[in-house]
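# Chains, contacts and geometry: an overview
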Amino acid sequence: GNSVTQMEGPVTLSEEAFLTINCTYTATGYPSLFWYVQYPGEGLQLLLKATKADDKGSNKGFEATYRKETTSFHLEKGSVQVSDSAVYFCALSDRYGGATNKLIFGTGTLLAVQP
Amino acid sequence: ETGVTQTPRHLVMGMTNKKSLKCEQHLGHNAMYWYKQSAKKPLELMFVYSLEERVENNSVPSRFSPECPNSSHLFLHLHTLQPEDSALYLCASSQEIRGELFFGEGSRLTVL
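Presented here is a report on the structure given in the accompanying data block. (Residues numbered from 1 in each chain as written. Chains lettered and ligands numbered in written order. Predicted model: local features only at pLDDT ≥ 70, side-chain atom pairs only at ≥ 80, totals over all residues. Heavy atoms only, no water.)

### Quick notes on the sheet that holds strand β9 (residues 75-77) of chain A
Residue and element names in this part refer to chain A. Note the following rule: When DSSP finds at least two bridges between two strands, those strands are taken to pair. For helices the rule is a DSSP run of H or I covering at least 4 residues; for strands it is a run of E covering at least 2, with both sets numbered from the N terminus onward. Angular values range over 0 to 180 degrees, each being the angle between N-to-C directions of two axes fitted as lines to C-alpha atoms, with helices fitted over their stretch in contact.
Taken together, the 4 strands give an open sheet; going across it, the order is β3-β9-β8-β7, and neighbouring strands pair in antiparallel fashion. The open sheet is flanked by β3 (19-21) and β7 (56-59), the only strands paired with a single partner. Across the sheet, the mean angle from the axis of one strand to that of its neighbour is 15°, orientation sign disregarded.

### Remarks on the nonpolar core
Put simply, the rule is: Among the buried residues, those of types Ala, Val, Leu, Ile, Met, Phe, Trp, Tyr and Cys that are joined through side-chain atoms within 4.5 Å form a nonpolar core. Accessibility here uses a 1.4 Å probe with only protein chains present; expressed as a share of the type maximum, an area under 20% marks a residue as buried, one over 50% as exposed, and anything in between as partly exposed. Residue contacts are counted whenever heavy atoms from the two residues lie within 4.5 Å of one another.
One finds Leu19, Trp35, Leu47, Leu48, Phe73, Leu75 and Tyr88 of chain A to be the most contacted residues of the largest nonpolar core, which totals 27 residues. Secondary structure elements with two or more residues in this core: β2 (11-14), β3, β4 (23-26), β5 (33-38), β6 (44-50), β8 (62-65), β10 (86-95) and β12 (109-114) of chain A. For this core, the element with the highest residue contribution is β10 of chain A, accounting for 4 residues. When sequence neighbours within four positions are dropped, the list of residues in contact with phenylalanine 73 of chain A reads Cys23, Leu33, Phe34, Trp35, Leu48, Lys49, Ala50, Ala64, Thr65, Tyr66 and Cys90 of chain A. Formed by 22 residues, the second largest nonpolar core is a distinct cluster that contains Met13, Phe47, Tyr49 and Phe64 of chain B.

### Points about the interface of chain A and chain B
Using the following cut-off: Two parts placed together each lose some accessible area under a 1.4 Å probe, and the buried area is that loss summed for both. Salt-bridge detection follows one rule: a side-chain nitrogen of Lys or Arg within 4 Å of a carboxyl oxygen of Asp or Glu. Here a polar contact is recorded for every N or O atom pair within 3.5 Å, except that within protein the pair must consist of a potential hydrogen donor and a potential acceptor, and residues adjacent in sequence are included only if both atoms are side-chain atoms.
Taken together, the contact pairs 20 residues of chain A with 27 residues of chain B. Where chain A abuts chain B, roughly 1,800 Å² becomes buried across the two surfaces, and 56% of that area is made up of carbon and sulfur atoms. Applying the counting rule to chain A against chain B returns 1 salt bridge. Summed over the shared surface of chain A and chain B, the number is 5 residue pairs in polar contact (both at pLDDT 80 or more).

This is how it looks when you write it as structure tokens:
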């Protein structure tokens, strides 16, 4: 079945460091790919998405490119801030009959940014 | 009004209690979801409702009972839970086809 694998955390970085969180997926067909972020004590928020191969999603300085050849959707940011500390989830959409979408999530990667 | 609102935010219950979690969405979406988030595990999809009709039930124990009276409201009724059911329960909604889910802040459940 479809699945998502992301790097285990925690990832600990100093402020202004470069961030990469790896995500690879297994899927039949052509799923959409997502990164969600969960700040402490909150629910998940969509960070960015890509709906087809070679698309690049971007938001708040974060980027991820949908790579079909490597089945990857790695999250990157050039210069992290303390406020980026959160748990990041990679996900893919697994559509089944009808109008609804089912998101399959990775286990999440905790990012801790130190001043 | 925020997009997806969940109440209560925190709930502590004994194994013999009956309680309910409530979710309300103000986004005009037509699908709603319950997810369970446990430590060090991927989010688990529990239930999906599309146009108020249940379309997915991922082998969830019968002590969890969902209810979707209309497209804006979703409940999760809880009865005779186990300590391992302690988790963050997240509600989400989506509009058909787009694939993007909007989540509430979650209800943190502790079963004693």
